[in-house]
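Summary of the model geometry
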Amino acid sequence: MLEKINKYIESLPLEVEPKGLYEPIRYVLSLGGKRIRPALMMMAYELWKDDSEEILPQAVALETYHNFTLLHDDVMDNADVRRGKPTVHKKWNENTAILSGDNMLVLAFKWMQGAKVNSAEVLATFTQTAIEINHGQQYDVDFESRNDVAEAEYIEMIRLKTSVLLACAVKIGALLADAPKEDTDNLYRFGEAMGLAFQLQDDYLDVYGDPAVFGKAIGGDITSNKKTYMLINALQKAEGNDKAELERWIAAKDFDRAEKVAAVTAIYNKLGIDSMAKAKMEEYYQQAIKALDAVNVAEEKKKPLRDYAAKMMKRKK
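Residues numbered from 1 in each chain as written. Predicted model: local features only at pLDDT ≥ 70, side-chain atom pairs only at ≥ 80, totals over all residues. Heavy atoms only, no water.

1. So, the overall build of the protein chain
Counting its regular elements, the protein chain contains 16 helices and 2 strands. In terms of overall size, the protein chain behaves like a compact globule, its C-alpha atoms giving a radius of gyration of 20 Å where 317 residues would be expected to give roughly 20 Å. By principal-axis analysis of the C-alpha atoms, the protein chain measures approximately 60 × 50 × 30 Å. Among the 317 residues that make up the protein chain, the fraction classed as buried is 53%. Within the protein chain, counting contacts between residues at least 6 apart in sequence, those at least 24 apart form 73% of the total. Counting 43 positive and 50 negative side-chain charges, the protein chain places the centres of these two groups 3 Å from one another. (Helix = DSSP H or I, 4+ residues; strand = E, 2+ residues; numbered from the N terminus. Rg over C-alpha atoms; globule rule 2.2 N^0.38 Å. Buried < 20%, exposed > 50% of the residue type's maximum accessible area, 1.4 Å probe, protein only. Contact = heavy atoms within 4.5 Å. Lys, Arg positive; Asp, Glu negative; His and termini not counted. Charge placed at Lys NZ, Arg CZ, Asp CG, Glu CD.)

Shown next as structure tokens:
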């Protein structure tokens, strides 16, 4: 499936003028990645239909939209590297990144509107998702200047910023297969819960992951005081010396990176934040599996989605 998606991306009509607009789009789409969203869309479609190549335009539209959000995120975060390569605003400049990103957004809608089945609902689902992701991005920005973010606020932010796009992928796959509404709704719940579990896993691995497996140095969220599930709960649970030390590290402008990561991780361990995060991940993963169980198709049809969900969560099963 990944090979089909990548081959279709390579065939996109992007070798056109003006090159300054389209070369960065070709570049960012060529950086690869897991292609989680188009794969989920095609697997959802295959619960009912066998010709998933028919929906490659919509699957790649979603991947193009996802990469547009990453391109603009990189500008907002002033990130130097994406998937081991220079980001678009570093390879070209910020104006190019913004304009090429804008064009990716429009191209995504153009390709999505070519849906042959349930086209109005497909486009409505995609549009609502795009709006919600913007809401999530703004909440994420707002949280940067707050130290009183509640866990529920954070969960809602990651639901909007991350989960709804996975939910959108499987729902559109079902819509394109003309699936029953109840099954479409259950697939949406599956994608939404998987997105929450997946993002919480990302938070966890940033602290406790193996850098060789995680693909980047651990502790980046700690270093930048990012309001993750881990930090939010540590701030709420810490008392006395632990709270004072945590607040001191958050306020510190000059610090040794390794020392800060080790100190904050030690506080997390003392407070049991690692166990809390794993339990929360498991809670959402089980919600996802329950929603998938409720989809009214043969179990063997659901196996690819079930296996993919386990793989996303780095589980044997």
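2. Some thoughts on the nonpolar core
Taken as a class, soluble globular proteins show a tendency for nonpolar side chains to be buried jointly. Leu40, Met41, Leu187, Phe190 and Tyr268 are the most contacted members of the largest nonpolar core, which totals 107 residues. If near-sequence neighbours (up to four positions away) are discounted, Leu187 is found in contact with Ala44, Leu47, Trp48, Val170, Ala174, Leu292, Val295 and Leu305. (Core = buried A, V, L, I, M, F, W, Y, C linked by side-chain atoms within 4.5 Å.)

3. Let's talk about the side chain of His66
Position of His66 among the secondary structure elements: in helix α4 (residues 56–77). For His66, the side chain forms a polar contact with the side chain of Arg37, separated by 3.4 Å. (Polar contact = N/O pair within 3.5 Å; in protein donor to acceptor, adjacent residues only side chain to side chain.)

4. Details of the packing of aromatic side chains
Inspection of every chain in the model, using the stated rule, returns 6 aromatic pairs. Considering the side-chain rings of Phe109 and Phe126, the 4.5 Å spacing of their centres and the 35° angle between planes classify their relative orientation as tilted. Separated by 17 residues along the polypeptide, Phe109 in helix α6 (residues 94–112) and Phe126 in helix α7 (residues 119–143) bring together distant segments of the chain. Residue class for Phe126 comes out buried when judged on its relative accessible area of 0%. For the pair Tyr139 and Phe143, a centre-to-centre distance of 6.4 Å together with 25° between the ring planes defines the contact as stacked. Of this pair, Tyr139 and Phe143 both sit in helix α7, 4 residues apart, which is roughly one turn of that helix. Take Tyr139: its relative accessible area is 39%, and that puts it in the partly exposed class. What links up through ring pairs into an aromatic cluster is the set Tyr65, Phe68, Phe109 and Phe126. (Phe/Tyr/Trp six-rings, centres within 6.5 Å; stacked < 30°, edge-to-face > 60°.)

5. Considering the packing of helix α8 (residues 151–176) against helix α9 (residues 181–208)
Packing of α8 against α9 leaves a shortest axis separation of 7 Å and a crossing angle of 140°. In terms of orientation, α8 and α9 fall into the oblique class. Taken as a pair, α8 and α9 cross one another with a handedness that is right-handed. Residues belonging to the contact of α8 with α9 are distributed by class as follows: 16 nonpolar, 6 polar and 4 charged. (Axes fitted to C-alpha atoms, helices over the stretch in contact; angles between N-to-C directions. Parallel < 35°, antiparallel > 145°, perpendicular 65-115°, else oblique. Left-handed = near helix turned anticlockwise from the far one by under 90°. Nonpolar A, V, L, I, M, F, W, Y, C, P; charged D, E, K, R; others polar.)

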